[in-house]
Amino acid sequence: MKDICPICEAKREIVNIVFPEVFKIRGEDIEVESSCLKCLTCNSIFDDPLADDDSVSKAYREYRRRHGMVQPDELKRFRIKYNLTQSELSEILGWGVATLHRYENGSLQTAEHDKELKSAMEPHNLLQLIYENPDALSEDKKKRVIEELQKEEQETFSKEELKHVGAL
Ligand SMILES: [Zn+2]
């Protein structure tokens with residue numbers, strides 16, 4: 001493809017190069033496919049500004065997949081589902097808001113935080129956390145989220161009951 005080479009500062013023939021890259025993450029080798037761009041005129045190699053994920057984020061994603069950890073988009077979906085802001089959810093979890101922000105943006109969570117997060121993603125446990133941190137949400141929001149969670153919890157229970165009698 002013809003594109004601007006940042007080194008030549010002119011339109012050049014640019015090719016995409018894909019290569020394996022290994023990252024050591026918490027003592028584990030994680031290989032991902034990295035890509036970069038190369039200008040065929042000056043032979044310079046540079047990052048693809050349009051690449052959706054950088055290589056480190058890709059490696060973290062793979063590490064989380066291997067260890068069954070929560071991915072950033074799952075965390076974000078969970079928060080949005082209850083219409084919570086980052087600061088509200090971090091209050092509920094007892095984390096700093098910067099921590100939650102980093103996790104949603106691709107930082108690798110600690111194993112401890114991952115455990116807490118998975119637990120909080122269960123309606124019953126999230127309810128418990130909201131009761132334990134009564135100031136995390138405004139009264140209106142708390143009422144609405146609690147109602148939603150109770151409804152969800154009931155639905156889970158009735159499904160389990162149906163399974164019990166063999167209806168599902
Ligand atoms: Zn060039």
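Keep in mind that what you see is a predicted model, and the values were worked out from it rather than measured.

Caption draft 1: Representation of the coordination of the zinc ion. Around the zinc ion, the protein contributes the donor atoms Cys5 (SG), Cys8 (SG), Cys39 (SG) and Cys42 (SG), at 2.2 to 2.4 Å from the metal centre. Given 4 donor atoms and angles of 103 to 120° at the metal, the environment of the zinc ion is assigned as tetrahedral. Donor residues for the zinc ion, ordered by position in the chain, follow C-x2-C-x30-C-x2-C.

Caption draft 2: Molecular detail of the packing of helix H3 (residues 86-93) against helix H4 (residues 97-104). Two elements in contact, H3 and H4, have axes whose closest approach is 8 Å; the angle formed by their N-to-C orientations is 115°. Judged on the interaxial angle alone, H4 and H3 are roughly perpendicular. For the element pair H3 and H4, the recorded crossing hand is right-handed. Packed against H3, whose contacting residues are Gln86, Ser87, Leu89 and Ser90, the element H4 presents Val97, Leu100, His101 and Glu104 at the interface. Partitioned by chemical class, the residues of the contact of H3 with H4 number 3 nonpolar, 4 polar and 1 charged.

Caption draft 3: Focus on the pairing of strand E2 (residues 10-25). In this structure, strand E1 (residues 2-5) lies alongside E2, joined through 4 bridges in antiparallel fashion. In the strand pairing of E2, aspartate 3 is matched with arginine 12. The turn linking E1 back onto E2 is made up of 4 residues, and glutamate 9 within it adopts a positive phi angle of 55°. Bridging between E2 and strand E3 (residues 28-39) involves 12 bridges; their strand directions are antiparallel.

Caption draft 4: Region of the structure containing the sheet that holds E2. Taking strand neighbours across the sheet as the criterion, the 4 strands line up as E1-E2-E3-E4 in an open arrangement whose pairing is antiparallel. The outermost strands of the open sheet, each flanked by one partner alone, are E1 and strand E4 (45-46).

Caption draft 5: Summary view of the environment of valine 22. Position of valine 22 among the secondary structure elements: in strand E2. A relative accessible area of 52% means that valine 22 is categorised as exposed. Separated by 78 residues in the primary sequence, valine 22 and leucine 100 place their C-alpha atoms 27 Å from one another. Apart from residues no more than four positions distant in its own chain, valine 22 is found in contact with Asp29, Ile30 and Glu31.

Caption draft 6: Structural view of the pattern of salt bridges. Taken as a whole, this structure holds 12 salt bridges when the rule is applied. Between lysine 24 and aspartate 29 there is a salt bridge, and its shortest N-O distance comes to 3.0 Å. In this structure, glutamate 147 engages lysine 143 in a salt bridge whose closest nitrogen and oxygen atoms are separated by 4.0 Å. Of the two residues, glutamate 147 and lysine 143 are both situated in helix H7 (residues 139-164); the distance of 4 residues between them amounts to about one turn of the helix. Salt bridges sharing partners connect three or more residues here, namely Glu28, Glu62, Arg65 and Arg66.

Scoring rules and cut-offs
- Residues numbered from 1 in each chain as written.
- Predicted model: local features only at pLDDT ≥ 70, side-chain atom pairs only at ≥ 80, totals over all residues.
- Heavy atoms only, no water.
- Donors = N, O, S within 2.8 Å, 3.2 Å for Na, K, Ca; no water.
- Tetrahedral: all angles 85-135°; square planar, octahedral: opposite > 155°, others 65-115°.
- Axes fitted to C-alpha atoms, helices over the stretch in contact; angles between N-to-C directions.
- Helix = DSSP H or I, 4+ residues; strand = E, 2+ residues; numbered from the N terminus.
- Parallel < 35°, antiparallel > 145°, perpendicular 65-115°, else oblique.
- Left-handed = near helix turned anticlockwise from the far one by under 90°.
- Contact = heavy atoms within 4.5 Å.
- Nonpolar A, V, L, I, M, F, W, Y, C, P; charged D, E, K, R; others polar.
- Pairing = 2+ DSSP bridges.
- Buried < 20%, exposed > 50% of the residue type's maximum accessible area, 1.4 Å probe, protein only.
- Salt bridge = Lys/Arg side-chain N within 4 Å of Asp/Glu carboxyl O.

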